[in-house]
Amino acid sequence: MISDIKEAALRDDVPIIQDGGLLFLLDLIRKNGYREILELGTAVAYSAINMALIDEGIRVDTIEKNDRMYEQALINIREQGLSDRITVYHMPIEEFKTDKMYDLIFVDAAKAQYGKYLEQFIGNLKEDGKMVFDNMIFHGLIYEADQIESRNLRNLVKKILLFRENMQKDERFDIMLFDNIGDGILLLSRRKDET
Ligand SMILES: C[S@@+](CC[C@H](N)C(=O)[O-])C[C@H]1O[C@@H](n2cnc3c(N)ncnc32)[C@H](O)[C@@H]1O
């Protein structure tokens, strides 16, 4: 059962999407009838399985570099009978290339790389598609960035803050930030020409 996957992930400290963020994502897919989904960061396929279970017409491509996560993701997907609709690419996201166009790109991997992932995959987003970025408040740490003692963590949080700032200024996109949903969600779409 999907609740067993969640329970095991929480027990083993596998980072998975929070309930609020997941509900937001599933609602977005349902309302817009999205069918082709790309996910960056599979972990044990908890979010991928949840997305695929919405409708039999949904296909999810998802990328995971960690060996242990990848193996467990395959087991979980097989147990849910979803091997024909979820494909896990076992590789670094940075090396993944495709011509395929997606309705939705869900970004949930290395937080410091979100700007790079955006540029890498924006060409694979259908015209009316959406990108969703998770962990935009990073456990609330964005509100106390200067007080964080660990330099690595402080730098990571500052990168998230910079990404948020850049997205608010970027005239190519319309964005909405939902800091009160899950761990903070950024929803992005291409700005339509006003002419
Ligand atoms: C937050 S977890 C994904 C959780 C999953 N989306 C869910 O909600 O069930 C992030 C995953 O991204 C993977 N990851 C991080 N950087 C990556 C990269 N550069 N290439 C591939 N996978 C990466 C990590 O190994 C980790 O399993």
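For the structure, check the block above.
Residues numbered from 1 in each chain as written. Predicted model: local features only at pLDDT ≥ 70, side-chain atom pairs only at ≥ 80, totals over all residues. Heavy atoms only, no water.

Engineer: Before we go on, may I ask you to explain the overall build of the protein chain in this structure?
Structural biologist: Across its full length, the protein chain carries six helices and seven strands. Relative to the globule expectation of 16 Å for 195 residues, the C-alpha radius of gyration of the protein chain, 16 Å, shows essentially globular dimensions. Seen through its C-alpha atoms, the protein chain measures out along the principal axes to roughly 50 × 45 × 30 Å. Here the protein chain holds 195 residues, and the buried ones make up 47% of them. Counted over contacts in the protein chain with a minimum sequence separation of 6, partners at least 24 positions apart contribute 64%. When the accessible area of the protein chain is evaluated, it comes to approximately 10500 Å², of which 47% is carbon and sulfur surface. Here the protein chain carries 26 positive and 36 negative side-chain charges, and the mean point of each set is 2 Å from the other. (Helix = DSSP H or I, 4+ residues; strand = E, 2+ residues; numbered from the N terminus. Rg over C-alpha atoms; globule rule 2.2 N^0.38 Å. Buried < 20%, exposed > 50% of the residue type's maximum accessible area, 1.4 Å probe, protein only. Contact = heavy atoms within 4.5 Å. Areas by Shrake-Rupley, 256 points an atom, 1.4 Å probe, with all protein chains shown as cover. Lys, Arg positive; Asp, Glu negative; His and termini not counted. Charge placed at Lys NZ, Arg CZ, Asp CG, Glu CD.)

Engineer: Before we go on, may I ask you to explain unusual backbone geometry in this structure?
Structural biologist: Residues apart from glycine generally show negative phi values, whereas peptide bonds are mostly found in trans. At Ala-43, a residue that is not glycine, the phi angle is positive and equals roughly 50 degrees. Even without being a glycine, Phe-138 presents a positive backbone phi close to 45 degrees. If you trace the backbone, Phe-138 turns up in the loop between β5 (125-133) and α6 (151-169). A relative accessible area of 11% means that Phe-138 is categorised as buried.

Engineer: Explain the site of the ligand here, please?
Structural biologist: With respect to spatial proximity, 21 residues lie near the ligand, and among them Ile-17, Gly-41, Ser-47, Glu-64 and Asp-108 are the closest. Separating a nitrogen atom of the ligand from a backbone N or O atom of Lys-65 is a distance of 3.2 Å. Coverage of the ligand by the protein amounts to 90% of the 610 Å² it exposes when considered alone. The residue makeup of the shell around the ligand, split by class, is twelve nonpolar, four polar and five charged. (Near = heavy atom within 4 Å. Polar contact = N/O pair within 3.5 Å; in protein donor to acceptor, adjacent residues only side chain to side chain. Nonpolar A, V, L, I, M, F, W, Y, C, P; charged D, E, K, R; others polar.)

Engineer: Is there a simple way to explain the pairing of strand β6 (residues 173-178) in this structure?
Structural biologist: Strand residues, when the strand is regular, have side chains that alternate between the two faces of the sheet. Pairing of β6 with strand β7 (residues 185-190), which is carried by six bridges, proceeds in the antiparallel orientation. Bridge pairing in β7 places Met-176 opposite Leu-187. In sequence, β6 turns back onto β7 through a hairpin of six residues, with Gly-182 there showing a positive phi of about 55 degrees. (Pairing = 2+ DSSP bridges.)

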